[in-house]
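Chains, contacts and geometry: an overview
Chain by chain, the residues run as shown.
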Amino acid sequence: MASTKKIACVGAGYVGGPTMAVIAKQFKNCIVTVVDINKERIDAWNSDTLPFYEPGLDEIVKEVRGKNLFFSTDVDKAIIENDIIFIAVNTPTKDYGVGKGMAADLQHWETIARQIRDVVKSDKIIVEKSTLPVKTAEAMETILNTGSSLHFEVLSNPEFLAEATAINDLLFPDRVLIGSRETESGQKARDELVKIYRSWVPNENIITTNTFSSELTKLVSNTFLAQRVSSINAISALCEITGADVDEVAKAVGADTRIGSKFLKASIGFGGSCFRKDILNLIYICRMYKLPEIATYFENVIHMNNFQQQRFVDNVIQSMFNTVADRKILMLGCAFKANTDDVRDSPSLPVAKTLMSEKARLVISDPKAMKNMKKELGDPNNVDFIEDPYEAAKDCHAILIITEWELFETLDYQKLFDVMIKPAYLFDGRNMVDREACFEIGFNVYSIGKAPLIH
Ligand code: UDX
Ligand code: UDX
């Protein structure tokens, strides 16, 4: 029988936690230890209330925790005792110094590389899970192999899971991408990782490539997805003026198999921890390699997204006679998308901040993300957080749909209308309500990419 694989993962976040839980479930012949410097997070992983909401995650963790999946804060011990070390720490956009606002902040990465070099006593395979600039693996290898008699092989294995569908994405991935050096030891390390994934991913879905292609692919994938959202959102502005309906346009355009139907849903704009960060990263790399035209080309994906978010909130203010001061406004949803409690870079943030600066009285209602939103906004005293949408809508002038929670589709809009101040406004940032029915009830209805219905 093959020897048990000893795997560690540094970073117990949205990526590290679910990925390791699925590896432990699907590849029985391993012991996985997930470590994090954040004790509170590790305590949560070891409790009945996991640190964040992700459909299907609880069941898997319950199944494997304490058997071949462990959570700990002892980073040194984990990197000393295990042979394959995944790194899934966060890599936010730099908020200081050179590359501020664009480049990825690699300080955690560097710290971990040095920590590994200083404490380990045997050869290791290091696997990049975090999204990183191209050539990070090379830099990491340089740090690790400088002044050490041990051998470190760094692989790139970017994560393509999307929050809210992470478990499904991990169990049935379109592809697993593994980048390695083309040297003999690089290929050997790559084969070790391939073996792990092969226990549940079909061979044809495992793509092996060189390290740089792999690192770049992650940035390009997210940029292309975001680009589609920005493209359809750009068209939505045109639809609102011309009387075309953006959902109909998207449906017909997406029916062309060369284009495909996914990521064509017009919206209030994209959010989440990855899109903006990864595009900025790609732009920064283009500028660094003296390709300003290419940087500008991709920059517009972000400009379009900022424009769409601002356009939404400007429309709210303009439609309500250019003043929302002291008006009560309900935001339905604050998560960056449905089925997650994550508010990182959520469109709800610029919308809430603009309305607050206009002195509106905000009420926010979300089934999962209110705690994170409260933290993000610094718990201001002119914002109420009320989970029950009917309670939250009392005496409001307007409802803004920010997140596409299924719950908001099934609400009784007559009941909401009845408790609101008239005229009552409905701004649907996700095109999810039956707008004709809401108009019939009495709402002034504003959708994305459709002419408004006004009484
Ligand atoms: C991930 C990826 O790592 C990132 O590159 C990708 O683009 C988005 O998703 P995510 O898992 O969402 O990040 O981040 P987060 O939930 O913040 O988790 C990172 C964890 O790493 C945190 O719990 C943090 O405490 C931990 N960490 C960070 C360490 O354990 N050590 C460090 O030195 C730094
Ligand atoms: C993304 C990538 O999909 C994933 O592969 C990568 O590993 C991490 O980044 P995530 O950020 O979790 O995942 O969410 P995603 O489902 O891609 O949605 C991003 C944003 O785009 C959300 O705010 C979503 O509401 C928005 N979106 C998506 C649209 O506005 N319209 C669409 O048609 C699709």
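Residues numbered from 1 in each chain as written. Chains lettered and ligands numbered in written order. Predicted model: local features only at pLDDT ≥ 70, side-chain atom pairs only at ≥ 80, totals over all residues.

Around ligand 2 sit 19 residues in total, of which K265, S267, F270, G272 and C274 are the nearest. Looking at side-chain class alone, the shell around ligand 2 contains 11 nonpolar, 4 polar and 4 charged residues. Both domains that meet at the shell around ligand 2, namely domain 1 (5–201) and domain 2 (222–303), each give it at least three residues. (Near = placed C-beta within 6 Å. Nonpolar A, V, L, I, M, F, W, Y, C, P; charged D, E, K, R; others polar. Domains from an automatic or database assignment.)

In terms of domain boundaries, the chain breaks down into domain 1 (5–201), domain 2 (222–303) and domain 3 (312–447). The C-alpha centroid of domain 3 is placed 24 Å from the C-alpha centroid of domain 2. The partner domain 3 presents 12 residues to the 9 residues of domain 2 that form the contact. Looking at side-chain class alone, the side of domain 2 that touches domain 3 contains 2 nonpolar, 5 polar and 2 charged residues. (Contact = placed C-beta atoms within 7 Å.)

This part is about the site of ligand 1. In the vicinity of ligand 1, 22 residues are found, and the nearest of them are G11, G13, Y14, S130 and T131. Counting residues per element, the shell around ligand 1 draws most heavily on helix α5 (residues 107–119), at 3 residues. Across the shell around ligand 1, the residue classes break down as 9 nonpolar, 11 polar and 2 charged. (Helix = DSSP H or I, 4+ residues; strand = E, 2+ residues; numbered from the N terminus.)

Our next topic: the sheet that holds strand β9 (residues 328–332). Working definition: the strands of a sheet are paired by backbone hydrogen bonds and lie parallel or antiparallel to each other. Read from one edge to the other, the open sheet built from 6 strands follows the order β11-β10-β9-β12-β13-β14, with strand pairing classed as parallel. This sheet does not close on itself; its edge strands, each paired only once, are β11 (383–385) and β14 (444–447). Ignoring which end each strand starts from, the neighbouring axes of this sheet average 20 degrees apart. In this sheet, strand β12 (residues 398–401) lies alongside β9 in parallel orientation, the contact comprising 4 bridges. The partner of L332 across the bridge, within β12, is I401. Of the strands in this sheet, β12, β13 (425–428) and β14 touch helix α12 (residues 292–319), which is tilted by about 165 degrees from β13. (Pairing = 2+ DSSP bridges. Axes fitted to C-alpha atoms, helices over the stretch in contact; angles between N-to-C directions.)

What follows is about the packing of helix α9 (residues 211–242) against α12. Between two packed helices, the angle of one axis relative to the other and the distance separating the axes together describe the packing. The interhelical angle for the contact between α9 and α12, taken along N-to-C directions, is 45 degrees, at an axis separation of 9 Å. In this view, α9 runs oblique relative to α12, as classed from their interaxial angle. Judged by the twist between their axes, the crossing of α9 over α12 is left-handed. Residues T223, A226, Q227, S230, N233, A234 and A237 of α9 form the contact with α12, whose own contacting residues are F298, V301, M304, N305, Q308 and R311. (Parallel < 35°, antiparallel > 145°, perpendicular 65-115°, else oblique. Left-handed = near helix turned anticlockwise from the far one by under 90°.)

On to the environment of S130, then. Structurally, S130 can be placed in the loop between β5 (124–128) and α6 (136–145). For the pair S130 and A437, spaced 307 residues apart in sequence, the C-alpha separation works out to 45 Å. If we ignore the near neighbours within four places in the chain, the residues touching S130 are I87, A88, V89 and T91.

So, about the environment of D83. Tracing the backbone through its elements, the reader meets D83 in the loop between α4 (75–81) and β4 (84–87). Separated by 41 residues in the primary sequence, D83 and K124 place their C-alpha atoms 5.2 Å from one another. Among all residues touching D83, those that are not within four sequence positions of it are K5, K6, K124 and I125.

Turning our eyes to something else, we now look at the pairing of β9. With 4 of 5 residues buried, β9 is to be regarded as a mostly interior element. Taken together, the 5 bridges between β9 and strand β10 (residues 361–365) define a ladder with parallel strand orientation. Residue pairing across strands places M331 opposite I364, the latter belonging to β10. The parallel pair β9 and β10, bridged by helix α13 (residues 348–357), forms a crossover whose chirality is right-handed. (Buried ≥ 20, exposed ≤ 12 C-beta atoms within 10 Å, placed from the backbone. Right-handed = clockwise from strand over helix to strand, strands pointing away.)

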